[in-house]
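Here is what each chain is made of, one letter per residue.
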Amino acid sequence: DQQVKQNSPSLSVQEGRISILNCDYTNSMFDYFLWYKKYPAEGPTFLISISSIKDKNEDGRFTVFLNKSAKHLSLHIVPSQPGDSAVYFCAASNAGQGAQKLVFGQGTRLTINP
Amino acid sequence: GAGVSQSPSNKVTEKGKDVELRCDPISGHTALYWYRQSLGQGLEFLIYFQGNSAPDKSGLPSDRFSAERTGGSVSTLTIQRTQQEDSAVYLCASSPYGTGKKAFFGQGTRLTVV
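Residues numbered from 1 in each chain as written. Chains lettered and ligands numbered in written order. Predicted model: local features only at pLDDT ≥ 70, side-chain atom pairs only at ≥ 80, totals over all residues. Heavy atoms only, no water.

Draft legend 1. Layout of the overall build of chain B. A tally of helices and strands in chain B yields 0 helices and 10 strands. In terms of overall size, chain B behaves like a compact globule, its C-alpha atoms giving a radius of gyration of 13 Å where 114 residues would be expected to give roughly 13 Å. Projected onto its principal axes, the C-alpha positions of chain B cover 35 × 25 × 25 Å. In chain B, of all internal contacts separated by at least 6 residues, the share reaching a separation of at least 24 is 55%. Accessible surface computed for chain B: about 5400 Å², of which carbon and sulfur atoms make up 44%. Treating the 12 positive side-chain charges of chain B as one cloud and the 10 negative ones as another, the clouds have centres 5 Å apart. (Helix = DSSP H or I, 4+ residues; strand = E, 2+ residues; numbered from the N terminus. Rg over C-alpha atoms; globule rule 2.2 N^0.38 Å. Contact = heavy atoms within 4.5 Å. Areas by Shrake-Rupley, 256 points an atom, 1.4 Å probe, with all protein chains shown as cover. Lys, Arg positive; Asp, Glu negative; His and termini not counted. Charge placed at Lys NZ, Arg CZ, Asp CG, Glu CD.)

Listed below in structure tokens is the structure:
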């Protein structure tokens, strides 16, 4: 049962353009969502998060949008830079219940072309 | 230490042997997670420790897998009678929160069973 899904295994974007990574979830109890970035041979690093009480959170070039009715979130990166090339994982949790694990999607490999 | 530390970084073992993977979380973090990433796959949850509570073992794939966390700090993941399908990168993460919020990952242990 894949509760968090990233349906695009890969995405290629030209430098300077917008990258949009998508994530869908099925568990309506999830109330906290995160994006992680992973370079080869390194552990994932936290990028940005959003609580279910919000529909948008912005941090520099990164913006996460949450559509609760559609159970969908997206990560926008603008402008995209070569250093953004990595695998991006979305994750979700039921933080309101306390002591809950993070459930991850399968990841999307983003390649930024110069 | 400054971050989550895992050892060894790489482990090659023969099928049928037991292996132990170690995780040193960030000091003071109450939550500790183990995940694994098989080739081409997403992050698969294995086990979660939170303070003195009983661990969430719901992700352990078989009874050959076990984990402990001594003194609320260091954790060891043990795989008995390793099989080739156990080959993966095993990632440990810790979090200052017990609510599934931002977790900090180690660099992982790449396990290869031959």
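Draft legend 2. Molecular detail of unusual backbone geometry. Geometrically, the link from Val 78 of chain A to Pro 79 of chain A is a cis peptide bond, its omega value of -10° lying close to zero. Not every positive phi belongs to a glycine, and Arg 81 of chain B is a case in point at roughly 45°. Tracing the sequence through the fold places Arg 81 of chain B in the loop between β7 (75-79) and β8 (88-95). Judged by its relative accessible area of 41%, Arg 81 of chain B falls in the partly exposed class. (Buried < 20%, exposed > 50% of the residue type's maximum accessible area, 1.4 Å probe, protein only.)

Draft legend 3. A look at the state of the cysteines. All names here are of chain A. Scanning the model with the defined rule gives 2 disulfides over all chains in all. In this model, Cys 23 is linked to Cys 90 through a disulfide, with the two sulfur atoms separated by 1.9 Å. Looking down the S-S bond of the Cys 23 and Cys 90 bridge, the torsion is 60°, so its handedness is right-handed. Of this pair, Cys 23 sits in strand β3 (residues 19-25) while Cys 90 sits in strand β9 (residues 86-93); the two residues are 67 residues apart in sequence, bridging distant segments of the chain. Under the relative-accessibility criterion, Cys 23 is labelled buried at 1%. (Disulfide = S-S within 2.5 Å.)

Draft legend 4. Expanded view of the layout of surface pockets. Volume-wise, the largest pocket comes out at about 690 Å³. Elements with a minimum of two residues in the lining of the largest pocket: β9 and β11 (108-113) of chain A together with β8 and β10 (109-113) of chain B. At 4 residues, β10 of chain B tops the list of elements feeding residues into the lining of the largest pocket. Within the lining of the largest pocket, the residues separate by chemical class into 11 nonpolar, 16 polar and 4 charged. Size it by volume and the second largest pocket reaches roughly 330 Å³. Gln 2 and Phe 104 of chain A together with Leu 43, Glu 44 and Phe 45 of chain B are the residues nearest the centre of the second largest pocket, which is lined by 19 residues in total. (1 Å grid on protein atoms, 1.4 Å probe; cavity = no way out; pocket = protein on both sides within 12 Å on 5 of 7 lines; lining within 4 Å. Points joined across faces, edges and corners; volume = space filled by probe spheres on them. Nonpolar A, V, L, I, M, F, W, Y, C, P; charged D, E, K, R; others polar.)

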